[in-house]
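Notes for the structure review
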Protein chains: 2
Amino acid sequence: MAVTLKNIADKVGKSVPTVSRALAGFEDISPKTRDYVQAVAKEMGYVPNNFARKLQSQKADAVGLILPGAENLRFSDPFFGLLLSGIIEKTSAAGMDLSISAANEEDELDVYMEHIKSQRVDGFIIVRTHRKDKRIELLRKNKFPFVSFGRMEEDNNFNFVDEDGNWGIEQVVDHLVGLGHTKLGCIAEPLLFTKSFFRVQGFMNGLKKHGLKFADENLVVTNFRQRSGREAALRLLDLQEPPTAIVALNDLLAIGAIQAAHERGLTVGRDVSITGFDDIVLAEMANPGLTTLHQPAHKMGTLVAENLLKQIKNEPIDQSQIVLKPTLVVRDSTGKPV
Amino acid sequence: MAVTLKNIADKVGKSVPTVSRALAGFEDISPKTRDYVQAVAKEMGYVPNNFARKLQSQKADAVGLILPGAENLRFSDPFFGLLLSGIIEKTSAAGMDLSISAANEEDELDVYMEHIKSQRVDGFIIVRTHRKDKRIELLRKNKFPFVSFGRMEEDNNFNFVDEDGNWGIEQVVDHLVGLGHTKLGCIAEPLLFTKSFFRVQGFMNGLKKHGLKFADENLVVTNFRQRSGREAALRLLDLQEPPTAIVALNDLLAIGAIQAAHERGLTVGRDVSITGFDDIVLAEMANPGLTTLHQPAHKMGTLVAENLLKQIKNEPIDQSQIVLKPTLVVRDSTGKPV
DNA sequence: AATATATTCTAAAACGTTTTAGATGTCAAA
DNA sequence: TTTGACATCTAAAACGTTTTAGAATATATT
């Protein structure tokens, strides 16, 4: 079927190793033989068998990405799509495979171990980090290369790329307080995730910084879906003393919140201000345009991949821990309180 | 480093093949030996070497997905994310690797051939089909397993999962004409893509069916981005005789069009009607809610993957060519013309 | 002319698995 | 007590590659 070194060897009347070394351009093969072998190989359409080569080299030339939550795996999040594009761009360009699979919570760690032991990947990319992340602890213990997108709450001596969510949300609070708001609400994703935890921390820090008091009822913790954003916002808006500004901790939640405001007959940006996080493509298109924190999703993907590839190849890494500050983009969903 | 059959063989005092066959549960190994071997293997944490096994079996147990357009690979399209989720769900559950990479136009076909010859995948998933698709022709010629998401314009004797875009857009036209619209505009993606071509065909068919005439200026062909949707819509709205309804051929374009309408001071759903295609999560959240055609993106991904997996395993396939009709979801972006 | 030195090649082993063909021993039947 | 059948195992080969160690030949040096 496929052309092998043996086929070429037979054709050129040399041994298999000679052919192998000729193709690899070793010095101990005469130029004449080398050129001949290469010509014949090309003519026969030779491509090395992937697995034979990998068995021999003991390198997988592959990066693993195991998505958490196999049971209901549905990423419609444009942010993740862009992150993934960045990762694929880099791994592809480096001739590395990106092997994507999914695992559910129960056997997640087993899946990681199997990947390691069967030597099918040289490293992992971790996404959606938890404040205390078992995957990270496992890989670190096994000294297996990985880069995570996101940190843990503490004990972060490993390679990662992350946003500065804390700082970012503080900017948002500054912006809102600057406009004159003093009653702020917040809609958060589950606090189990570091990302959410830090963003909430930023919210708290921001309040404190401006001498504002925090009431429990002003923080609604829910999940990722925009539907939840709507519900959470309704809850905030229906409070005795509703906040005049709602800090949603991602854009989908924010868009849900905008919808809720509309349902209550409020004009967003005037009667109530709403902010998001991520600046997904639709933040700009929302009505009104969403004030949010922009993140270079694609770029972040490339950084994660580059970092991991260097780690695998034992190349020096200029920055093994990267924290990117998001940039505030002010649109029409925020304004002075009435 | 990793535990091998040899390690186990040494430990139990049997030969390597015996261990191999014991673990695989062959009949010619005594129950006693079998159990012992299995116990030892488990205790030692044995996991078969992926590449050795694949070299021997001559199967890759992997599915390839080569994304077109490596040069500017940025998928923020939630639809694609969901499709991918469906694919990953099925391949993962079947213990198959999903190997994702990217290739640019020039060497796309070479990348496919290399994947085939190096035997790194057992089959391909093709996305974003062209009316005349070189990838499909290549794979078909080489009798290599694949399933495409989308058809070609003709000559479709291969396995695919596709939408009925033609039929879908006809429903949209029916809906608009039913509301009283007679001047319809259309914003399309490049016609090179089968998807776009069929959707436009549906638009034309719809007009003809209702005895409406088509003017060239009412069709704007642009690209995928929502920004383009805005620009295209501005062009339509600024015509001498602007259409009262704009059929955008995907949701992102539609949302761009809504923005354009707002810019021109028009109330969408009253002054101008706008429709989309796909029903991405934000269609519902848009303001006003977008009338569009719903597609089960995740489900489609699972169908594509299931079909390919069966093909690879030579299992019977109940339906090797699937065309799903989208369902019209009427929201507030469409209404009677003024 | 003998020795050292390059140059160019190959045999053998290795990576870790599975398959094929056959060896060895046991037991029952003739 | 031989034969055949069965149960249990192993040696050898295979998958296709690369590496290691060394062979063979030609060339240069003394």
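Here, the structure is the one placed above.
Okay, so let's go over this structure. (Residues numbered from 1 in each chain as written. Chains lettered and ligands numbered in written order. Predicted model: local features only at pLDDT ≥ 70, side-chain atom pairs only at ≥ 80, totals over all residues. Heavy atoms only, no water.)

Taken together, 23 residues are adjacent to DNA strand C, and Thr18(A), Thr33(A), Leu5(B), Ser20(B) and Tyr46(B) come closest. In DNA strand C, the atoms that sit within 4 Å of the protein are 63% sugar and phosphate, with bases accounting for the remainder. Ser30(A) is positioned such that a nitrogen or oxygen atom in its backbone is 2.9 Å from a phosphate oxygen of DNA strand C. Taking Tyr46(B), its side chain carries an N or O atom lying 2.6 Å from a phosphate oxygen of DNA strand C. Where the surface near DNA strand C is concerned, the elements lending two or more residues are α2 (16-24) and α4 (50-57) of chain A together with α2 (16-24) and α4 (50-57) of chain B. Ranked by residue count, the leading element in the surface near DNA strand C is α2(B), at four residues. The class makeup of the residues in the surface near DNA strand C is nine nonpolar, ten polar and four charged. (Near = heavy atom within 4 Å. Polar contact = N/O pair within 3.5 Å; in protein donor to acceptor, adjacent residues only side chain to side chain. Helix = DSSP H or I, 4+ residues; strand = E, 2+ residues; numbered from the N terminus. Nonpolar A, V, L, I, M, F, W, Y, C, P; charged D, E, K, R; others polar.)

Before going further, it helps to examine helix α7 (residues 134-141) of chain A. An α-helical turn contains 3.6 residues, so a residue and the one three or four places further along point in the same direction. Residues and elements named next belong to chain A. When we look at burial in α7, the residues that qualify are Arg135, Ile136, Leu138 and Leu139. Taken end-on, α7 shows its buried residues confined to a sector of 160 degrees, consistent with a single buried face. Lining the buried residues of α7 we find β1 (62-68), α6 (108-117), β3 (123-126) and β4 (146-149). Once α7 finishes, Lys143 follows within two positions and takes phi at roughly 50 degrees, a positive value. (Buried < 20%, exposed > 50% of the residue type's maximum accessible area, 1.4 Å probe, protein only. Arc of directions from axis to C-beta. Contact = heavy atoms within 4.5 Å.)

The next subject is the packing of helix α1 (residues 5-12) of chain B against helix α3 (residues 31-44) of chain B. All names here are of chain B. As a packed pair, α1 and α3 sit with axes 10 Å apart at the nearest point and diverge in direction by 125 degrees. Taken together, the axis directions place α1 and α3 in an arrangement best described as oblique. At the point where α1 passes α3, the crossing takes the right-handed sense. Facing α1, whose interface residues are Asn7, Ile8, Lys11 and Val12, α3 presents Tyr36, Val37, Val40, Ala41, Glu43 and Met44. The class makeup of the residues in the contact of α1 with α3 is seven nonpolar, one polar and two charged. (Axes fitted to C-alpha atoms, helices over the stretch in contact; angles between N-to-C directions. Parallel < 35°, antiparallel > 145°, perpendicular 65-115°, else oblique. Left-handed = near helix turned anticlockwise from the far one by under 90°.)

All told, the structure shown has two cavities of 30 Å³ or more when counted by the stated rule. The calculated volume of the largest cavity comes to roughly 150 Å³. Around the largest cavity, the lining is made up of 17 residues, and of these Lys54(A), Asp97(A), Phe51(B), Lys54(B) and Asp97(B) lie nearest the centre. For the lining of the largest cavity, the elements supplying multiple residues, two or more each, are α4 and β2 (97-103) of chain A together with α4 and β2 (97-103) of chain B. When its residues are assigned to classes, the lining of the largest cavity shows seven nonpolar, four polar and six charged. (1 Å grid on protein atoms, 1.4 Å probe; cavity = no way out; pocket = protein on both sides within 12 Å on 5 of 7 lines; lining within 4 Å. Points joined across faces, edges and corners; volume = space filled by probe spheres on them.)

In this section: unusual backbone geometry. Leaving glycine out, the prevailing phi sign among residues is negative, and the prevailing peptide bond configuration is trans. Residue Pro288(A) is bonded to the preceding Asn287(A) through a cis peptide linkage, with omega at 0 degrees. Locating Pro288(A) in the fold gives a position in the loop between α12 (281-285) and β10 (292-294). Despite not being glycine, Gln58(A) has its phi angle at roughly 60 degrees, a positive value. Tracing the backbone through its elements, the reader meets Gln58(A) in the loop between α4 and β1. Phi at Asp278(B) is positive, roughly 120 degrees, even though this residue is not glycine. Tracing the backbone through its elements, the reader meets Asp278(B) in the loop between β9 (273-275) and α12 (281-285).

Bear in mind that shape data such as this cannot, by itself, settle questions of function.
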